Amino acid sequence: QVQLVESGGGLVQPGGSLRLSCAASGSSFSIYAMGWYRQASGKQRDLVAVIKSGDRTNYADSVKGRFTISRDNAKNTVSLQMNSLKPEDTAVYYCNVRPYRQRLEHPDSLRDYWGQGTQVTVSS
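This section reports on the structure supplied with the text. Everything numeric in this text was worked out from a predicted model, so none of it was measured. (Residues numbered from 1 in each chain as written. Predicted model: local features only at pLDDT ≥ 70, side-chain atom pairs only at ≥ 80, totals over all residues. Heavy atoms only, no water.)

What follows concerns the overall build of the protein. Each helix and strand in the protein was counted, giving 0 helices and 11 strands. Reading the protein from its N end, one meets helices and strands in the order β-β-β-β-β-β-β-β-β-β-β. Overall size of the protein, expressed as C-alpha extent along the three principal axes, is 50 × 25 × 25 Å. A buried classification covers 38% of the 124 residues belonging to the protein. If you take every contact in the protein between residues at least 6 apart in sequence, the share linking residues at least 24 apart comes to 57%. Put simply, the protein shows about 6800 Å² of open surface, and 45% of that area lies on carbon and sulfur atoms. Here the protein holds 15 positive side-chain charges and 10 negative ones, and the gap between their average locations is 2 Å. (Helix = DSSP H or I, 4+ residues; strand = E, 2+ residues; numbered from the N terminus. Buried < 20%, exposed > 50% of the residue type's maximum accessible area, 1.4 Å probe, protein only. Contact = heavy atoms within 4.5 Å. Areas by Shrake-Rupley, 256 points an atom, 1.4 Å probe, with all protein chains shown as cover. Lys, Arg positive; Asp, Glu negative; His and termini not counted. Charge placed at Lys NZ, Arg CZ, Asp CG, Glu CD.)

If you want it as structure tokens, here you go:
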């Protein structure tokens, strides 16, 4: 079964930096995109950044210029470098994997996969 293991969360002061990593294993399908979402307390889960086939990227407006997403296809990992962190970045961050959809060849490619979440707290 597909497993996503996240690491790198923790407590940091405003203006500080953290690097999140996510490693995917156990998948037989090909991965189209990997990304990061976050969910603050009492809020909706929102896209932070995604990196797609061909290393095309998209970022939430609130993190542009501060966060950088990268992908190592050989290792099936995705990382999120977070700089100039703000208290409003405090949330649980979730790794997401989206397969290429291949209904017949890979039935397990029809859904997205999620990590367990890692807490990021930005506070003095």
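There is more to say, and it comes next.
A word on the state of the cysteines. Counted under the stated rule, the structure contains 1 disulfide. Each sulfur in the disulfide pair C22 and C95 lies 2.1 Å from the other. In this structure, the disulfide formed by C22 and C95 twists by about -85° around the S-S bond and is classed as left-handed. Taken together, the residues span a long stretch of sequence, with C22 in strand β3 (residues 18-25) and C95 in strand β9 (residues 91-99) at a distance of 73 residues. (Disulfide = S-S within 2.5 Å.)

Here K75 shows up in the loop between β7 (67-72) and β8 (77-82). Accessibility expressed as a relative area gives 60% for K75, which makes it exposed. Separated by 51 residues in sequence, K75 and A24 have C-alpha atoms that sit 8.2 Å apart.

All right, on to the sheet that holds β7 then. Strand order in the open sheet formed by 4 strands is β1-β3-β8-β7, with antiparallel pairing between adjacent strands. Either end of the sheet is taken by a strand with one partner, and the two such strands are β1 (3-7) and β7. Averaged over neighbouring strand pairs, the angle between their axes works out to 15° when direction is ignored. With 5 bridges connecting them, β1 and β3 associate as antiparallel partners. Across the sheet, E6 pairs through a bridge with C22, a residue of β3. (Pairing = 2+ DSSP bridges. Axes fitted to C-alpha atoms, helices over the stretch in contact; angles between N-to-C directions.)

Once that is clear, we can look at the nonpolar core. Side chains that are nonpolar tend, in soluble globular proteins, to be buried together. Core analysis: the largest hydrophobic core is formed by 29 residues, its most contacted members being W36, L80, M82 and Y93. Among the secondary structure elements, those contributing two or more residues to this core are β3, β4 (31-39), β5 (46-52), β7, β8, β9 and β11 (118-122). Excluding residues that lie within four positions of it along the chain, L80 makes contacts with L18, R19, L20, W36, V48, A49, F67, T68, I69 and Y93. (Core = buried A, V, L, I, M, F, W, Y, C linked by side-chain atoms within 4.5 Å.)

Here the structure, examined in full by the defined rule, presents 3 aromatic pairs. Between Y37 and W114, the aromatic rings sit 5.0 Å apart at their centres with planes inclined by 65°, giving edge-to-face as the arrangement. With Y37 in strand β4 and W114 in strand β10 (residues 113-114), this pair connects stretches of sequence that are 77 residues apart. W114 gets classed as partly exposed once you look at its relative accessible area, which sits at 36%. The ring centre of W114 lies 4.8 Å from the NZ or CZ of R45, which sits over that ring. Over the ring of Y113 we find R111; its NZ or CZ atom is 4.2 Å from the centre of that ring. (Phe/Tyr/Trp six-rings, centres within 6.5 Å; stacked < 30°, edge-to-face > 60°. Lys NZ or Arg CZ within 6 Å of the ring centre and 35° of its normal.)

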